[in-house]
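Listed here are the chains, written in short residue letters.
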Amino acid sequence: MYYTLFKAMVKVKRFQNPQKSAPPQQCSTNHVIQDVVHPSPMPNPRESTQFAQDTSHASLNHSTPIDSSSTHDIPQESQVPSQCVRRESNTHRCVQVIDIKEVIKKIKIKVKEVNNLPQEERIIVEFDAQGIAYGDAQAVLAGYCGCLEINCKLFPINFERWSGKMGIPNFYFEECFQTFLKPRFLFRTTEALAKRYCKMSIGKKWAANRQRVWEEFYDTSKTRDEIISNSPKGIDPIQWAHFVNYRLKPETQDLCKRNKESRSKQVIPHTGGSKPLARKRYEMFMETGQLPSRGKLYIETHKRKDGSLVNDAAKTIVEQIEEGLTQSTNDESEVSPQDVLGRVLGPEHSGRVRCMGMGVVPTGAFRNTRLRISDLSYSSPNVAVLSSSNPWQEKYSHLESQIQTILSSFQTYVIMKEGKIPEKLAGLFDKPHVSFL
């Protein structure tokens, strides 16, 4: 198991370029790796050597042997990555933990204290119907994922992208999930959805971290060799060399230019900060007792602290949303392409849903929005026309929506009080009803 490689990780808040903040005479040692590798009590030379080769060469071996018998062992604090770069790492979060006897209790914890939890305790992470984590436990999980992604031994930076043919092989994440995440967090969802969420979270942070490192160490006045020789502390020099070569390729520079142009077209900033939309929506639900609609969430995340909107473009959109919410007779808390936000902003992009957050796509978010057979009337054997007026169907749909809302609120209340769904009520919640994101 490879976590023995991290016993003496250097504690830094972010990668800093000594040539920008220190006298020139200190720059000669920048490329020296400060990490010290201690042998494990039961060393496996073949495994450790192979992993070191994998993270140090461009042609990585994708068949690195993994000791599956040790994936459920919980590494001690000194054996895990300790590089936390998120601001929330110093904030106490009130979370629920569960032990091996299934006893649940509430504790306050910081991200950097997760490794200090007793081995038999895990932090409970709740997920909504969209497969997205929410609540304070989500903040702890996100911060801990940030501590993992910055570790270049866990996730090397010399791959061109996170996923795809040129991306990081999946076994890097699988080993990380089994070794670091699963022993410390209890995911209230399927393991497949938990892996999907954690992988997206780490991948997003991994890409952002690489960009920050490049912006810190790239200097237009220096040659390629000079940039390579100034490798960041904590990053393998060979990884850094391959990463620099990738960033200096004409194809990469063209891609960066196109991405910059795309970002410049985003003229409406939001005021949500780094808080995920799932957590914001959950907080709004706890304040009002009602699931907020996408329209209300859009308004809240585009207001400043004094109540003013970020710019005139946002003001125009918010006025249309408020007017639509006032006139709407439907349950706007139900995510639909025909809700107020969908009507104001138009069709969704295939890869995301507005005001839903990371990882939510139309095929998943709108799965309950379907064309019912009873809504169809046939004007000819070959042509189906949507029935424009069906009062009984409208009443049925409205009643169905009200029941869904009541069940969602009841399910949330039970989870908050009991920590889980009792067996007697399991049949009532066969399908997920609560959707905070």
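Residues numbered from 1 in each chain as written. Predicted model: local features only at pLDDT ≥ 70, side-chain atom pairs only at ≥ 80, totals over all residues. Heavy atoms only, no water.

Caption draft 1: Expanded view of the packing of aromatic side chains. Evaluated as defined, the whole model comprises 15 aromatic pairs. Where Phe 177 meets Phe 187, the ring centres are 5.7 Å apart and the plane angle is 20°; that geometry is what we call stacked. Taken as a pair, Phe 177 in helix 4 (residues 170-181) and Phe 187 in strand 5 (residues 185-188) lie far apart in primary sequence, ten residues in all. The buried category is assigned to Phe 177, whose relative accessible area is 1%. Aromatic side chains Phe 185 and Phe 187 sit 6.2 Å apart centroid to centroid with 25° between the ring planes, which places their arrangement in the stacked category. The residues Phe 185 and Phe 187 share a single accessibility class, namely buried. Each residue in the set Phe 127, Tyr 144, Phe 173, Phe 177, Phe 185, Phe 187 and Tyr 197 is aromatic and connected to the rest through ring pairs, giving one cluster. (Phe/Tyr/Trp six-rings, centres within 6.5 Å; stacked < 30°, edge-to-face > 60°. Helix = DSSP H or I, 4+ residues; strand = E, 2+ residues; numbered from the N terminus. Buried < 20%, exposed > 50% of the residue type's maximum accessible area, 1.4 Å probe, protein only.)

Caption draft 2: Just the environment of Tyr 298, in detail. Along the chain, Tyr 298 falls in helix 10 (residues 294-300). Assessed through its relative accessible area of 7%, Tyr 298 is described here as buried. With 20 residues separating them along the chain, Tyr 298 and Val 318 place their C-alpha atoms 7.9 Å apart. Leaving out residues up to four positions away in the same chain, Tyr 298 has contacts with Ile 268, Ile 317, Val 318, Ile 321, Leu 341, Leu 345 and Cys 355. (Contact = heavy atoms within 4.5 Å.)

Caption draft 3: Spotlight on the pattern of salt bridges. In the structure shown here, the tally under the stated rule is 14 salt bridges. In this structure, Asp 339 engages Arg 294 in a salt bridge whose closest nitrogen and oxygen atoms are separated by 2.9 Å. Of this pair, Asp 339 sits in the loop between helix 11 (312-327) and helix 12 (340-345) while Arg 294 sits in helix 10, placing them 45 residues apart in sequence. The two residues Asp 339 and Arg 294 agree in class, both being buried. The partner of Glu 348 in a salt bridge is Arg 354, and the shortest N-O contact between them spans 3.3 Å. Classification of Glu 348 as buried rests on a relative accessible area of 18%. It is possible to trace a salt-bridge network through shared partners that takes in Arg 294, Asp 339, Glu 348, Arg 352 and Arg 354. (Salt bridge = Lys/Arg side-chain N within 4 Å of Asp/Glu carboxyl O.)

Caption draft 4: Representation of the packing of helix 3 (residues 136-149) against helix 5 (residues 191-217). Where helix 3 contacts helix 5, the axes come no closer than 9 Å and their chain directions differ by 50°. Considering the angle they form, helix 3 stands oblique to helix 5. The crossing of helix 3 and helix 5 is right-handed. Within the contact between the two elements, helix 3 uses Gln 138, Leu 141, Ala 142, Cys 145, Gly 146, Leu 148 and Glu 149 and helix 5 uses Tyr 197, Cys 198, Ser 201, Ile 202, Lys 205, Trp 206, Asn 209 and Arg 212. (Axes fitted to C-alpha atoms, helices over the stretch in contact; angles between N-to-C directions. Parallel < 35°, antiparallel > 145°, perpendicular 65-115°, else oblique. Left-handed = near helix turned anticlockwise from the far one by under 90°.)

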